[in-house]
Amino acid sequence: MNRLKFVKIIVFFLTFLLFFGALTALGTIYKKINNTTPIPNIKLNQPKGSFIADYKIEQDSIFILVKGGGDSDRILITNISDNKQPVATIKIN
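Residues numbered from 1 in each chain as written. Predicted model: local features only at pLDDT ≥ 70, side-chain atom pairs only at ≥ 80, totals over all residues. Heavy atoms only, no water.

Participant: Mind showing me how you'd approach the overall build of the protein chain here?
Facilitator: When you go through the protein chain residue by residue, the secondary structure sums to one helix and four strands. Counted from the first residue to the last, the protein chain has its helices and strands arranged as α-β-β-β-β. The C-alpha atoms of the protein chain give a radius of gyration of 26 Å, which is well past the 12 Å a tight globule of 93 residues would have. In terms of overall dimensions, the protein chain has C-alpha extents of about 85 × 25 × 20 Å along its principal axes. Put simply, the protein chain has 93 residues, and 10% of those count as buried. Look at the contacts in the protein chain between residues 6 or more apart in sequence, and 18% of them connect residues 24 or more apart. Accessible surface computed for the protein chain: about 7,900 Å², of which carbon and sulfur atoms make up 64%. Here the protein chain carries 12 positive and 6 negative side-chain charges, and the mean point of each set is 19 Å from the other. (Helix = DSSP H or I, 4+ residues; strand = E, 2+ residues; numbered from the N terminus. Rg over C-alpha atoms; globule rule 2.2 N^0.38 Å. Buried < 20%, exposed > 50% of the residue type's maximum accessible area, 1.4 Å probe, protein only. Contact = heavy atoms within 4.5 Å. Areas by Shrake-Rupley, 256 points an atom, 1.4 Å probe, with all protein chains shown as cover. Lys, Arg positive; Asp, Glu negative; His and termini not counted. Charge placed at Lys NZ, Arg CZ, Asp CG, Glu CD.)

Structure, rendered in structure tokens:
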């Protein structure tokens, strides 16, 4: 009789873990599908004809490679958490 109670407890526990794991997995998938983090608007103030050739995001900073516009190539560094203006500009010759 004790063995049967022990087996019932184990089955109940494993069923609970399976149910909890499935709910956690579904919640994680739902969050990834419905990612609602807003993309900040960043004003670059670059000359007409400029275009973004490449960018890289690291933590709270965005590094943007801008080309064209009658100016030499440049890298704009923007901190997206504090202000939405370029913090620094690195000119590339």
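Participant: Would you take a moment to explain the sheet that holds strand β4 (residues 86-91) for this structure?
Facilitator: Two orientations exist for strands paired in a sheet by backbone hydrogen bonds: parallel and antiparallel. Read from one edge to the other, the open sheet built from four strands follows the order β1-β2-β3-β4, with strand pairing classed as antiparallel. What marks the edges here is a single partner per strand, and that holds for β1 (50-58) and β4. Strand-to-strand, the axes of this sheet are offset by a mean angle of 20 degrees, without reference to chain direction. Bridging between strand β2 (residues 61-68) and strand β3 (residues 74-79) involves six bridges; their strand directions are antiparallel. Each residue of the ladder has a partner; that of F63, found in β3, is I77. (Pairing = 2+ DSSP bridges. Axes fitted to C-alpha atoms, helices over the stretch in contact; angles between N-to-C directions.)

Participant: How should the pairing of β3 be read in this particular structure?
Facilitator: Look at any regular strand and the pattern is simple: side chains alternate between the two faces of the sheet. Within β3, five of the six residues are buried, which leaves it mostly tucked inside the rest of the structure. Where β2 folds back onto β3 in an antiparallel hairpin, the turn is made up of five residues, including G69, whose phi is positive at roughly 80 degrees. Of the pairings in the sheet, the one linking β3 to β4 comprises five bridges and is antiparallel in character. Residue pairing in the sheet places T78 in a bridge with P86 of β4.

Participant: Would you mind going over the environment of N79 with me for this structure?
Facilitator: Mapped onto the elements, N79 comes out in strand β3. For the pair formed by N79 and D60, sequence separation is 19 residues and the distance between their alpha carbons is 5.7 Å. When sequence neighbours within four positions are dropped, the list of residues in contact with N79 reads D60, S61 and V87.

Participant: Help me understand the packing of aromatic side chains in this model?
Facilitator: For any pair of aromatic rings, the description consists of the separation of the ring centres together with the inter-plane angle of the planes. Applying the stated criterion across every chain, the model contains one aromatic pair. Consider the rings of F16 and F20, whose centres lie 6.2 Å apart with planes at 15 degrees: the pair is stacked. Taken together, the residues F16 and F20, both in helix α1 (residues 2-33) and four residues apart, mark about one turn of the helix. Judged by relative accessible area, which is 47%, F16 ranks as partly exposed. (Phe/Tyr/Trp six-rings, centres within 6.5 Å; stacked < 30°, edge-to-face > 60°.)

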